[in-house]
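# Per-entry structural report
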Amino acid sequence: QVQLVESGGGFVESGGSLKLSCAASERIFGIRAVGWYRRIPGQQRELVARANLGAELNYADSVKGRFTISRDSANAGNTTTLEMTALRPEDTAVYFCYVLQQIPLGRPLEHWGQGTQVTVSS
């Protein structure tokens, strides 16, 4: 089972920036999509940004213009990064890395990281 590990979370003041990275324990073949989700305390996990096969990018309305998702090279250590700028206190959440893998002759597999905490002070 592929393990995803997020890094780059932490504490930042309002208006600051952070860059999250997602490293996989092994090379993942057949990636259909990568993404970042977050869970704000007391709420369900929500989509932050997603990059689909074919370069289609999707962002939550609340982060458009502030966050940028990148899908890294298959030869790189990371599968995806999320650059976050102009952070707001309402961005405080646990951020999860996500990879959707196409399995030959099988249903796609979802891989999730354990999450990294991002805290933005006002």
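Before reading further, recall that the structure is shown in the block above.
Residues numbered from 1 in each chain as written. Predicted model: local features only at pLDDT ≥ 70, side-chain atom pairs only at ≥ 80, totals over all residues. Heavy atoms only, no water.

## Re the state of the cysteines
Following the criterion strictly, the structure yields one disulfide and no others. Here C22 pairs with C97 through a disulfide, and the sulfurs are 1.9 Å apart. Linking C22 and C97, the disulfide has an S-S dihedral of approximately -80° and is accordingly described as left-handed. Taken together, the residues C22 in strand β3 (residues 18–24) and C97 in strand β9 (residues 93–101) connect sequence positions 75 residues apart. Relative accessible area serves as the criterion here: at 0%, C97 is assigned to the buried category. (Disulfide = S-S within 2.5 Å. Helix = DSSP H or I, 4+ residues; strand = E, 2+ residues; numbered from the N terminus. Buried < 20%, exposed > 50% of the residue type's maximum accessible area, 1.4 Å probe, protein only.)

## Section: the packing of aromatic side chains
Enumeration according to the criterion identifies three aromatic pairs in this entry. Aromatic side chains Y37 and W112 sit 5.1 Å apart centroid to centroid with 65° between the ring planes, which places their arrangement in the edge-to-face category. Taken together, the residues Y37 in strand β4 (residues 31–39) and W112 in strand β10 (residues 109–112) connect sequence positions 75 residues apart. By relative accessible area, which is 15% here, Y37 ends up buried. Measuring from ring centre to ring centre gives 4.7 Å for Y98 and W112, while their planes differ by 55°; the resulting arrangement is tilted. Of this pair, Y98 sits in strand β9 while W112 is found in strand β10, placing the two residues 14 residues apart along the sequence. Taken together, the ring pairs in this structure connect Y37, Y98 and W112 into an aromatic cluster. A cation sits over an aromatic face here: R45 above F96, 5.3 Å from the ring centre. Positioned over the ring face of W112 is R45, at 3.8 Å from the centre of the ring. (Phe/Tyr/Trp six-rings, centres within 6.5 Å; stacked < 30°, edge-to-face > 60°. Lys NZ or Arg CZ within 6 Å of the ring centre and 35° of its normal.)

## So, the side chain of T92
When you line up the elements, T92 lands in the loop between β8 (78–84) and β9. A polar contact of 2.9 Å, which involves the side chain of T92, links it to the backbone oxygen of P89. At a separation of 2.9 Å, a polar atom in the side chain of T92 contacts the main-chain amide nitrogen of V120. With residues up to four places along the chain from it excluded, the contact list for T92 reads I40, P41, Q117, V118, T119 and V120. (Polar contact = N/O pair within 3.5 Å; in protein donor to acceptor, adjacent residues only side chain to side chain. Contact = heavy atoms within 4.5 Å.)

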